Amino acid sequence: MTRGSDTVVIGAGIVGCAVAYELARAGARVTVLEYGKAGMQATNAAAGMLAPLTETHAPDAMFRAGLQALREYPSLVARLEAEARFSVEYRQTGILNVAFDGEDAARLQRRFAWQREMGLDVEWLDGALCREVEPRLSERVIAGVLSPSEACVSNQLLTLALQRSAEARGALVRERAPVERFLRRSMRGGGRISGVIAAGETFACDTIVLAAGARSGQIAARLGGRVGARLPVRPTRGQMIALGGMLAPIRHVVWGPDGYLVPRANGLIFAGATVEDVGFRRRTTKDGVRRLRAMSRALVPQLAAATVHFEWAGLRPGTPDGLPIIGPLPAHPEVIAATGHYRNGILLGPLTATWSARGILENDWSAVPEEFSPARFASGREP
């Protein structure tokens, strides 16, 4: 059987579901193909932070995109909650980024200086003021930066809301449908991509969006070896734990030199995350959990008495230059990359979808920073 759509989106994480949502809102026919369960790969493993001021270290394209995404989140959340009729647990609680020693403090001070110069809402705190904000913080904390505008969201509920709202507008989401191969209009292998075969079924389309996270590079390789069809995306494992068994000792997200603590609406504290180059091995390790527990105790000593309710790991989609890849592939302009967001998929997923929908529907990619273009890899050399 052959199904027809205007666009096939490969991947049903937050980026893929957001792209489907924006396209369906505009009246396009969309099919989403997910090799596993929707929202259950890197999206499910994230902590849900919306933290461009804390995550980035220079006022570059990534920082500007993150700020734009953060500012657009409240209106997206309001619209999605009205459509899906459930909360996605968006909370603008702010982030407290703390230092344990002079080197940590100097690094925070440098970032604080240029962000204040830009007129951003950040506040420098000494150790005592940090503990006024979060009384359970360690006495080791000597300074910190509070960014009240940063927020967090339930990545799982947000992605579910995007999926359901897209489906309500006619989008088809097919789970357990791994892509087997691409279809071409030319039988000689060099023609325009005209669809995919997934789980034994044919899906014809005009445009394909590659939003498969860490597996995007593997899927793009099936386009063939032509220059301009390369997506150098590789997995980086991140392990996390959920701590509970007590009243949550913090109200803000607390970010330290070796990790972060995220209070969730259900009373648990998410602690993360390791950064490991181990290929596609998506499992936790005793050493990883041990390090996360030690990091948690160092920030908030009371968490030494917490219990690990569960542990998990995800595969972040990284790129050689640490920037996402968004836009048409030079060798196949009908194939759109929307991947490589690394630690910022939850923050940048909806904005990537807005950019991608505009590009697909209006052929206008002007909003996407040039630094994010797939063309930077067209020569086969990594930037």
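The structure we're discussing is the one just above.
Report follows, based on the coordinates.

Thresholds applied
- Residues numbered from 1 in each chain as written.
- Predicted model: local features only at pLDDT ≥ 70, side-chain atom pairs only at ≥ 80, totals over all residues.
- Heavy atoms only, no water.
- Helix = DSSP H or I, 4+ residues; strand = E, 2+ residues; numbered from the N terminus.
- Buried < 20%, exposed > 50% of the residue type's maximum accessible area, 1.4 Å probe, protein only.
- Polar contact = N/O pair within 3.5 Å; in protein donor to acceptor, adjacent residues only side chain to side chain.
- Pairing = 2+ DSSP bridges.
- Axes fitted to C-alpha atoms, helices over the stretch in contact; angles between N-to-C directions.
- Contact = heavy atoms within 4.5 Å.
- Expected span 1.5 Å × (residues − 1).
- Salt bridge = Lys/Arg side-chain N within 4 Å of Asp/Glu carboxyl O.
- Parallel < 35°, antiparallel > 145°, perpendicular 65-115°, else oblique.
- Left-handed = near helix turned anticlockwise from the far one by under 90°.
- Nonpolar A, V, L, I, M, F, W, Y, C, P; charged D, E, K, R; others polar.
- Core = buried A, V, L, I, M, F, W, Y, C linked by side-chain atoms within 4.5 Å.

Turning our eyes to something else, we now look at the side chain of Glu 201. One can find Glu 201 in strand β11 (residues 201-210). Look at Glu 201 and you get buried, because its relative accessible area is 10%. Looking at Glu 201, its side chain comes within polar contact range of the side chain of Arg 174, at 2.5 Å.

Paired through their backbone hydrogen bonds, the strands of a sheet run either parallel or antiparallel. Spatial ordering of the open sheet is given by β5-β6-β4-β13-β14-β15-β12-β16, a layout of eight strands whose pairing is mixed. Each having just a single partner strand, β5 (123-126) and β16 (307-318) make up the two edges of the open sheet. Averaged over all neighbouring strand pairs, the angle between strand axes comes to 20 degrees, with direction disregarded. Judged from the four bridges that link them, strand β12 (residues 234-244) and strand β15 (residues 269-272) form a sheet pairing that is antiparallel. By the bridge assignment for β15, Ala 242 is matched with Phe 270. Docked against the sheet, helix α9 (residues 286-299) engages β4 (95-99), β12, β13 (253-256), β14 (259-263), β15 and β16, running at close to 55 degrees with respect to β12.

Spacing of three or four residues puts side chains on the same side of an α-helix, whose turn is 3.6 residues. Taking 1.5 Å per residue, 18 residues should reach 26 Å; helix α10 (residues 345-362) reaches 24 Å between its end C-alpha atoms and fits that length. Positioned one or two residues after α10, Asn 363 has a phi angle of 55 degrees, which is positive.

This part is about the pattern of salt bridges. Counted by the stated rule, this structure contains 17 salt bridges. A salt bridge links Glu 276 to Arg 291; the nearest nitrogen and oxygen atoms lie 3.9 Å apart. One end of the pair, Glu 276, is in the loop between β15 and α9; the other, Arg 291, is in helix α9, and 15 residues separate them in sequence. Overall, the relative accessible area of 12% leaves Glu 276 in the buried class.

Each neighbour pair has its own omega, and for Gly 272 with Ala 273 the value is -15 degrees, a cis peptide bond. Along the chain, the position of Ala 273 falls in the loop between β15 and α9. The residue Tyr 342 is not glycine, and still its phi comes out positive at about 55 degrees. Here Tyr 342 lies in the loop between β18 (332-339) and α10. In this structure Tyr 342 comes out as partly exposed when scored by relative accessible area, which is 27%.

Between the first and last C-alpha of helix α4 (residues 61-84) there are 32 Å, a value that for 24 residues agrees with the 34 Å anticipated at 1.5 Å per step. Remark: Arg 85 follows α4 within two positions and exhibits a positive phi of approximately 65 degrees.

Another point: the pairing of β11. Summarising burial for β11: seven of the 10 residues are buried, a large majority. Direction of pairing for strand β10 (residues 193-198) relative to β11: antiparallel, over a ladder of four bridges. Pairing of Gly 195 across the sheet is with Ala 204, part of β11. Between the end of β10 and the start of β11, which pair antiparallel, lie two residues, with Ala 199 showing a positive phi angle near 50 degrees. For β11 and β18, the ladder comprises three bridges, and the chain directions are parallel. Pairing of Val 209 across the sheet is with Ile 336, part of β18.

We now examine the packing of helix α1 (residues 14-25) against α10. Geometry of a packed helix pair, given as the angle between the helix axes and the separation of the axes. Where α1 contacts α10, the axes come no closer than 8 Å and their chain directions differ by 40 degrees. By the criterion of interaxial angle, the relationship of α1 to α10 is oblique. Note that α1 runs across α10; the crossing there is right-handed. Listed contacts from α10 to Ile 14, Val 15, Ala 18, Val 19, Glu 22 and Leu 23 of α1 are Gly 345, Ile 346, Gly 349, Pro 350, Thr 352, Ala 353, Thr 354, Ser 356, Ala 357, Ile 360 and Leu 361. Counted by class, the contact of α1 with α10 contains 11 nonpolar, five polar and one charged residues.

Glancing now at the environment of Ala 198. Looking at the secondary structure, you find Ala 198 in strand β10. Once the C-alpha coordinates of Ala 198 and Ala 28 are considered, the two residues, 170 residues apart in sequence, prove to be 21 Å apart. Setting aside residues up to four positions removed in sequence, Ala 198 forms contacts with Leu 33, Ala 177, Pro 178, Val 179, Glu 180 and Phe 203.

Our focus in this paragraph is the nonpolar core. Generally speaking, soluble globular proteins have nonpolar side chains that are buried together. If you look at the biggest cluster of nonpolar residues, it comprises 63 residues, and the most contacted ones within it are Val 30, Leu 50, Tyr 73, Leu 158, Leu 162 and Phe 372. Every element with two or more residues in this core is listed here: α1, β2 (30-33), α4, α5 (102-117), β6 (143-147), α7 (155-168), β18 and α10. For this core, the leading source of residues is α4, giving 12 residues. Residues in contact with Phe 372, not counting those within four places in the same chain, are Ala 61, Met 62, Ala 65, Leu 323, Pro 324, Ile 325, Ile 326 and Trp 355. One finds Cys 205, Leu 210, Ala 220 and Phe 377 within the second-largest nonpolar core, a separate group that totals 26 residues.

To continue, consider the packing of α4 against α7. Remark: α4 packs on α7, axes separated minimally by 10 Å, with the N-to-C direction vectors making an angle of 60 degrees. On the basis of the axis angle, α4 is oblique to α7. Seen from above, α4 lies across α7 with left-handed handedness. Note on element contacts: α7 touches α4 through Leu 158, Ala 161, Leu 162 and Ser 165, opposite Tyr 73, Leu 80, Glu 83 and Ala 84.

Next up on the list: the side chain of Glu 334. Examined against the element boundaries, Glu 334 turns out to sit in strand β18. A distance of 2.6 Å separates a polar side-chain atom of Glu 334 from the backbone nitrogen of Ile 193. Contact partners of Glu 334, with chain neighbours within four places excluded, come to Arg 192, Ile 193, Asp 206, Thr 207 and Ile 208.

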